[in-house]
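Examining the three-dimensional arrangement
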Amino acid sequence: MTETIEKAKSTITGYNGKKLRIMEVCGTHTHEMFRLGIRGLLPESIDLISGPGCPVCVTPVGYIDEAVMLALEKNAVICTFGDLIRVPGTEMSLAGARSRGGDIRPVYSPLDAVEIAKNEPDRQIVFLAVGFETTTPSACIAVKKARKLGLDNFSILAANKTMPNAYKALMSSVDAYLYPGHVNAITGTAVCEEMKKLGVSGVVAGFTASELITAIAVIIEKSKTGEPFFVNCYPRVVTAEGNIPAQKLMAEVMEPCDSEWRGLGVIPMSGMKLRDEYSELDARIKFDLPKISGKANPACRCGDVLQGKCKPSDCKVFGKVCTPQHPVGACMVSTEGACSAYYQYGGAELK
Amino acid sequence: MEKTVTLAHGAGGKQTSELIDTIFKAHFSNPELTADDAAVLDIGGGKIAFTTDGFIVSPFEFPGGNIGKLSICGTVNDLSCMGAKPQYLSCAFVIEEGFPMDKLEEIAAAMEKTAAEAGVKIVAGDTKVAGRGQVDKIFITTTGIGKISENVRTSGAYAKPGDAVIVTGDIGRHGCTILLARDEFGIDAKVTSDCAPLWANVEKMLGVTSDIHVIRDATRGGVGTVLYEIAGQSGTGILLDQEKIPVEPEVRGVCGMLGLEPLYLACEGRLVVVVPKDKADAVLDALRGCKYSENAAVIGEITEENAGKVVMKTAVGTKTLLPQPGGELLPRIC
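Residues numbered from 1 in each chain as written. Chains lettered and ligands numbered in written order. Predicted model: local features only at pLDDT ≥ 70, side-chain atom pairs only at ≥ 80, totals over all residues.

Right, let's get into helix α7 (residues 249-258) of chain B. Residues and elements named next belong to chain B. The complete set of buried residues in α7 reads V251, V254 and C255. Buried residues along α7 cover an arc of 100 degrees about the axis, so they all sit on one side. Residues of α7 that are exposed and point over 90 degrees away from its buried face: P249, G256 and M257. Against the buried residues of α7 lie α4 (173-181). In the segment just after α7, G259 is the residue with positive phi, at about 70 degrees. (Buried ≥ 20, exposed ≤ 12 C-beta atoms within 10 Å, placed from the backbone. Helix = DSSP H or I, 4+ residues; strand = E, 2+ residues; numbered from the N terminus. Arc of directions from axis to C-beta. Contact = placed C-beta atoms within 7 Å.)

Once that is clear, we can look at the interface of chain B and chain A. Each side of the interface is counted separately: chain B has 15 residues, and chain A has 20 residues. Counted by class, the side of chain B that touches chain A contains six nonpolar, six polar and three charged residues. (Nonpolar A, V, L, I, M, F, W, Y, C, P; charged D, E, K, R; others polar.)

Confidence in the prediction for chain B averages 93 pLDDT; 98% of positions are at 70 or higher. Reported confidences for the modelled complex are a pTM of 0.83 and an ipTM of 0.72. (pLDDT = per-residue confidence, 0-100.)

What follows covers the sheet that holds strand β12 (residues 310-313) of chain B. All names here are of chain B. Pairing within the open sheet is mixed, and its seven strands lie in the order β8-β10-β7-β11-β9-β12-β13. Whereas interior strands pair on both sides, the edge strands pair on one side only; in this sheet they are β8 (214-217) and β13 (319-321). Within the sheet, the average angular offset between the axes of one strand and its neighbour, ignoring direction, is 25 degrees. Bridge count for strand β9 (residues 237-241) against β12 is four bridges, and the pairing is parallel. (Pairing = 2+ DSSP bridges. Axes fitted to C-alpha atoms, helices over the stretch in contact; angles between N-to-C directions.)

Residues and elements named next belong to chain B. As for its position among the elements, T154 is in the loop between β6 (138-148) and β7 (164-167). We classify T154 as buried; it has 22 C-beta atoms within 10 Å. Along the primary structure T154 and I140 are separated by 14 residues, whereas in three dimensions their C-alpha atoms are 28 Å apart. Setting aside anything within four residues of it in sequence, one finds T154 in contact with C81, M82, G83, I212, H213, V214 and I215.

Another aspect to go through is the pairing of strand β3 (residues 77-80) of chain A. Residue and element names in this part refer to chain A. Side chains V77 and C79 project from β3 onto one buried face, and the interleaved I78 and T80 project onto a second face that is buried too. Of the pairings in the sheet, the one linking β3 to strand β5 (residues 125-129) comprises three bridges and is parallel in character. Residue pairing for β5: C79 is matched across the bridge by F127. With three bridges joining them, β3 and strand β4 (residues 104-106) adopt parallel strand pairing. Along β4, the bridge assignment pairs I78 with I104. Note on the crossover from β3 through helix α4 (residues 94-99) to β4: the handedness is right-handed. (Right-handed = clockwise from strand over helix to strand, strands pointing away.)

Residue and element names in this part refer to chain A. In terms of domain boundaries, chain A breaks down into domain 1 (61-162 + 243-286) and domain 2 (302-349). Domain 1 and domain 2 are separated by 26 Å when their C-alpha centres are compared. In this assembly, seven residues from domain 1 lie in contact with nine residues from domain 2. Class assignment for the residues of the side of domain 1 that touches domain 2 results in three nonpolar, one polar and three charged. (Domains from an automatic or database assignment.)

Next up on the list: the nonpolar core. Formed by 216 residues in total, the largest nonpolar core has its most connected members in I78 of chain A together with V273 of chain B. Looking at this core element by element, the count peaks at eight residues for helix α10 (residues 209-223) of chain A. (Core = buried A, V, L, I, M, F, W, Y, C linked by C-beta atoms within 7 Å.)

Residues and elements named next belong to chain B. Across the sheet, four strands lie side by side as β1-β6-β4-β5; this open sheet has mixed pairing. Every interior strand has two partners, whereas the edge strands, β1 (48-55) and β5 (121-130), have only one. Adjacent strand axes in the sheet meet at a mean angle of 15 degrees, parallel and antiparallel pairs treated alike. Inspection of the sheet shows β1 paired to β6 by eight bridges, in the antiparallel sense. Each residue of the ladder has a partner; that of T52, found in β6, is T143.

Now the structure itself:
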């Protein structure tokens, strides 16, 4: 480890100033903080909150219910990223739907779903489009490809989300954001500058041990001034303007809409839906889905965890009823979810 | 026209003997392998290790080997882990109708070569042909016996606090190879399976000291699963040094892209060895002088605390639990 990193590390371990609430809003950050042992470095005066940065974790119960209905009642083939299959819905998860005869297929890319639609013209194929600005462009590419191929048996169930309004919704629980480097690589950093104007600090962070340590040390040093700040600590990947072709692609195919986040409720203009000119590829319109508002298990505190109001271990069902094998809430399903990471790495109890 | 295996080859008549003569006898020939119903073996006194393993890997050929080589290595290595010199194997084939004869020949040739390298004889066998779709191409089951060297007692239960934990080479290559060979991810990386017979390596270690507490081959579930098993069997903890675990850059890269932990990817030519600390250097020297274990490394130690757990010392000097794998691992890797 280099001298600069050693210095950054001692900045962190030696910090005993006023309580700092740092929120990471990227599931990969959550996971890497544990895996790389960074959490073990933090003194008591630093609270690292795992925010709503895992796409699986923020997907609302009602969305799973919609997908289950498409599979069981509309006889559609559901293509999805594997993580979503075990997320509990009101009645059942997609795994439950599969055991009742639903055709649920894990895919690694939305384009795989387009390929399936091409090869099975007699079936209706629905791709579950979830994720942030990092994954939304690939769903847009799939939509454009399906249109180009003239496929009338492909559609998407969109629950794509964008970060800016979530930052605003959560700003009262946070002193500084650890911005998700991969999202900022697409969006650029204008939103971070805007948050600074609103009085909320932040740094864009990369994903290696030294990048994460550096980012936290920068937050500590800059916080001493008492002024809001923004620093891009991941300049080798993140530029101020971001990935313009990707931004254009998203704007061409999708437009902002209100969106429900599990545990946080509806955040205005924090989601993405297909534009009217692509409405024939919108599964909700195509299958005339009713409005479904799902019911989460009332004992589950995923919502509080995502807002930093409690730690996973404060939840009554954590580690007992709710485990990665039998998840009650979405944060226990994905390996990037806060509850799953707490459970798997069990850092606190080690000697 | 391409020659293939037909249902007639499995019917027990003339074609069956032809198949056995031209492929299996041609490759496996030795005095104990006869046309009789069972092999008659002279194994002398002492303790015998006895094991069996089925192989259903998909795809059946992959960079670094095929199902034939794998089926010999798997059973040879299981015997070797008990400190037993592999002596005799039997093999049973279940082949799908239509399987290309030249591929069967390649598989038999790989078995011959690997068995010769391991110093083991194939003395009994069986061939069945199943109708199209009733089996996926080819499945092989091998069973083996080996003689246990005197004074050698290895078991996951014998790990003791203070012991050193060694792996005999870089980890996760077989699992990674199979993953890429299925071509489901569109990732192009040069990774070859570590599939290898390891009796020579074990023999060399036992030449240095018979005081080896644990030898395990890290197949399905990888090194991580084996370590959790050892911790559970012996009621100890294991402290790993994250930075000392050997992983090829290509394997690390693929794992990074797919969110996999190399410690949970299968190896087919790697051992986890637990020895008293004062013997570790000598054992490591012996291993590094052998083919397939040139990059052996001490990756951690057995501890009294954190019993039943595998803990990682991270690059930043903190400790974190090695998460236990949950749910579905890769199907059909061996």
